[in-house]
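Structure assessment
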Amino acid sequence: MEKRVLSVLLVMLIIASVLTGCSRSADKAEPPESSQIKKGGVLNDYLEDDPNGFDVQENTLLVTYTLARHLYSTLLRYKGDTLELEPELLAKMPEVSPDGRTYTFELKKGVKFHDGTTELVADDVKFTIERMLNPNGRGMSTWLFEPILGAKEFMEGKATSLEGFKKIDDYRFQIILEKPYAPFLHNLAVPAASIYSEKLVKAAGDNWRLNPIGTGPFRLKSYVPNTEIVLEKNPYYFEPGLPYLDGIHYRIVPDATTALMEFENGTLDVCTIPVNEYQRIKDSGKYEVLEGVALNTYYFLMNMSDPMWSDVRLRKAVAMAIDKEKLVQALYGPRGTVAKSFVTPGIPGAYEEGTGPAYDYNPEEAKKLIRELGNIGKLQAWQRGGDRLSDANVAIQAMLKEVGIDLEITIVEKAAFGDARSKGKIPATHGNWWADIPDPDNYLHTFFARTNQMSSGYNNKKVQDLLEKARTEVDAEKRKELYRRIEDIIIREDVAVIPLFHIKSLLATQKNVKGIIMHPTGINIYTYAYKEIQ
């Protein structure tokens, strides 16, 4: 899952120290008696981008995933802000056969969609999965269900029904995998795996993407493209008493500075804090400041199949030329930490924080390698969208120049960038990856397996065999050993990717806003959120 992050610092900050803001004295107010407080209200929030529809099968952006968590439900979900799974639409956790291939599910009874009359049944689950895998459809997250027996034949149009889905009755069904796949249950908690109604989707036809009807805690009230999205409480929500909020009013506010100004003026209830304003907002005492662990890695990826980037000595020189500490401090200050591995620390099987196989900053060794290589010419990289180079890209460019590497970065329109990436045509890029699921497979298989669509150009048979072995290994310790070995080769020996840094989530809220869950996957959960109303 990719996330758009607005940079707000000038590149001069790469050289200078991180700005610290002026502190303000905190306002003091007497809290009301708890018996006078009611939970409710309409939360005023904002989005940086318009989602351009609400069909979460068609889009993998974080903004769409966030809205999907409000509008739809998944079979499983994460418990609070942990990585532990719990049933959402299911009556209980699935039963798994000893060979790890057959999962038996039971749905909660009486779950109604937003229309208040359509009940969720097993046929809806089958429809949802087959809709994602439909070779003539628009499903972008087919990887969620590809491990299911018969998925390949279905996607190739060789079968009209998914062999690995067995309906038992209206509320019970089995899913049979082609072979064991350890992270499978986590796949079912990804917003893109939200369960749709077969009847309602078919009735809506092409209007579905703008008129979603799910089983989530909120339902769509109105949508004005590029302006606002209004959600209201779902009166038929299957969890009694929830949600607490009467609704959510999203406005599209692309500029971080404008959003902060509106927040401080009280017209927004929540705000992602720009790094250069973090200390001032925190010290003011006027707001609640939430800090959360986030599963992400910002990186520089070089396409190994591109002749320009094919020499490992060049990639190694780039890895040692980037001063990650200076980069992350300038861009994200206390919000960021240097990355030593590609898989984010905290994920089971990943390196612990501060450890990993990545190269340290060593400009002298980088210069030595460049001298050995001789005339390397001008190198090429791409940036996904924007009207100017990002601060991170400008900084990377400047750091490479210090060791004798001339890097030209081209801004490419988002759709063209996405198309080129799926074809493996991007020469190199600075990007970020937010975990869809807390598993190394979501990082390493996505970028470096034979089926990767991230334009890494990676082609190491030994590693790619290990990746296939690791995803079917059910012993946690053996999986951990395999992924450590894989990362060592990818990052240390092949230098296929340069992990740069990780950032944590920072959110400011008005004092009367409570109950927001900042999940490590980067999605804020509002099911239990409320405004204190006197």
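As the structure is a prediction and not an experimental result, all values here were calculated from the model. (Residues numbered from 1 in each chain as written. Predicted model: local features only at pLDDT ≥ 70, side-chain atom pairs only at ≥ 80, totals over all residues. Heavy atoms only, no water.)

Remarks on the side chain of Glu262
Its location among the elements puts Glu262 in helix H7 (residues 256-265). There is a polar contact of 2.9 Å between the side chain of Glu262 and the side chain of Thr267. Non-local contacts of Glu262, meaning those with residues more than four positions away in its chain, are made with Arg251, Thr267 and Leu268. (Helix = DSSP H or I, 4+ residues; strand = E, 2+ residues; numbered from the N terminus. Polar contact = N/O pair within 3.5 Å; in protein donor to acceptor, adjacent residues only side chain to side chain. Contact = heavy atoms within 4.5 Å.)

Overview of the nonpolar core
If you look at the biggest cluster of nonpolar residues, it comprises 76 residues, and the most contacted ones within it are Leu75 and Tyr526. For Tyr526, the residues in contact, after removing those within four places along its chain, are Leu43, Asp45, His70, Phe218, Leu245, Ile248, Tyr250, Val270 and Ile516. Counting residues in hydrophobic clusters, the runner-up holds 40 residues, among them Tyr298, Ala319, Leu389 and Leu400. (Core = buried A, V, L, I, M, F, W, Y, C linked by side-chain atoms within 4.5 Å. Buried < 20%, exposed > 50% of the residue type's maximum accessible area, 1.4 Å probe, protein only.)

Let's talk about the sheet that holds strand S1 (residues 38-40)
Overall, antiparallel pairing links the three strands, which are arranged S1-S24-S21 in an open sheet. This sheet does not close on itself; its edge strands, each paired only once, are S1 and strand S21 (513-514). In terms of strand pairing, S1 meets strand S24 (residues 530-533) through three bridges, oriented antiparallel. Counterpart to Lys38 in the pairing with S24 is Ile533. (Pairing = 2+ DSSP bridges.)

Thoughts on the domain arrangement of the protein chain
A common way to express how large an interface is: the accessible area buried when the components associate. Along its sequence, the protein chain is organised into domain 1 (73-204) and domain 2 (296-504). Once you take the C-alpha centre of each, domain 1 and domain 2 turn out to be 33 Å apart. Between domain 1 and domain 2, the contact holds eleven residues from the first and twelve residues from the second. Here domain 1 and domain 2 share an interface that buries about 960 Å² over both sides, 71% of which is from carbon and sulfur atoms. The interface formed by domain 1 and domain 2 includes zero salt bridges. (Domains from an automatic or database assignment. Buried area = accessible area lost by both parts, 1.4 Å probe. Salt bridge = Lys/Arg side-chain N within 4 Å of Asp/Glu carboxyl O.)

Thoughts on the sheet that holds strand S10 (residues 228-233)
Ordered in space as S2-S11-S10-S9, the four strands form an open sheet in which the pairing is mixed. Sheet topology places strand S2 (42-47) and strand S9 (218-224) at the edges, where each strand pairs with a single neighbour. Across the sheet, the mean angle separating the axes of adjacent strands is 20° when strand polarity is ignored. Looking at chain direction, S10 and strand S11 (residues 247-252) are connected through five bridges and run antiparallel. Each residue of the ladder has a partner; that of Glu228, found in S11, is Arg251. (Axes fitted to C-alpha atoms, helices over the stretch in contact; angles between N-to-C directions.)

Here's the deal with the confidence of the model for the protein chain
Confidence in the prediction of the protein chain, expressed as mean pLDDT, is 91, and 93% of residues score 70 or more. Predicted confidence is poor over residues 4-33, with pLDDT under 50, and the contacts of this stretch with residues over four places away or in other chains come to 51 contacts. (pLDDT = per-residue confidence, 0-100.)

Concerning the environment of Ile376
Mapping Ile376 onto the fold places it in the loop between helix H11 (363-373) and strand S16 (378-384). For the pair Ile376 and Gly404, spaced 28 residues apart in sequence, the C-alpha separation works out to 9.5 Å. Filtering out sequence-adjacent residues up to four positions away, Ile376 remains in contact with Leu314, Ile370, Gly404 and Ile405.

Here's the deal with the packing of aromatic side chains
Enumeration over the complete set of coordinates arrives at 23 aromatic pairs. Seen in terms of ring centroids, Phe300 and Trp309 are 6.1 Å apart; in terms of plane orientation they differ by 65°. Their pairing is edge-to-face. The buried category is assigned to Phe300, whose relative accessible area is 0%. Judged by relative accessible area, Trp309 falls into the buried class, the value being 0%. On the basis of an interplanar angle of 80° and a centroid distance of 5.1 Å, the ring pair of Phe342 and Phe447 is categorised as edge-to-face. On the criterion of sequence distance, the pair formed by Phe342 in the loop between strand S15 (336-338) and H11 and Phe447 in helix H14 (residues 440-448) is long-range, its members being 105 residues apart. The buried category is assigned to Phe342, whose relative accessible area is 0%. Cluster of aromatic residues (ring-pair linked, three or more members): Tyr299, Phe342, Trp433, Tyr443, Phe447, Phe448 and Tyr458. Cation over ring: Lys39 sits above Tyr244, and NZ or CZ is 4.6 Å from the ring centre. The ring of Tyr359 is capped by Arg492, whose NZ or CZ atom sits 3.8 Å from the centre of that ring. (Phe/Tyr/Trp six-rings, centres within 6.5 Å; stacked < 30°, edge-to-face > 60°. Lys NZ or Arg CZ within 6 Å of the ring centre and 35° of its normal.)

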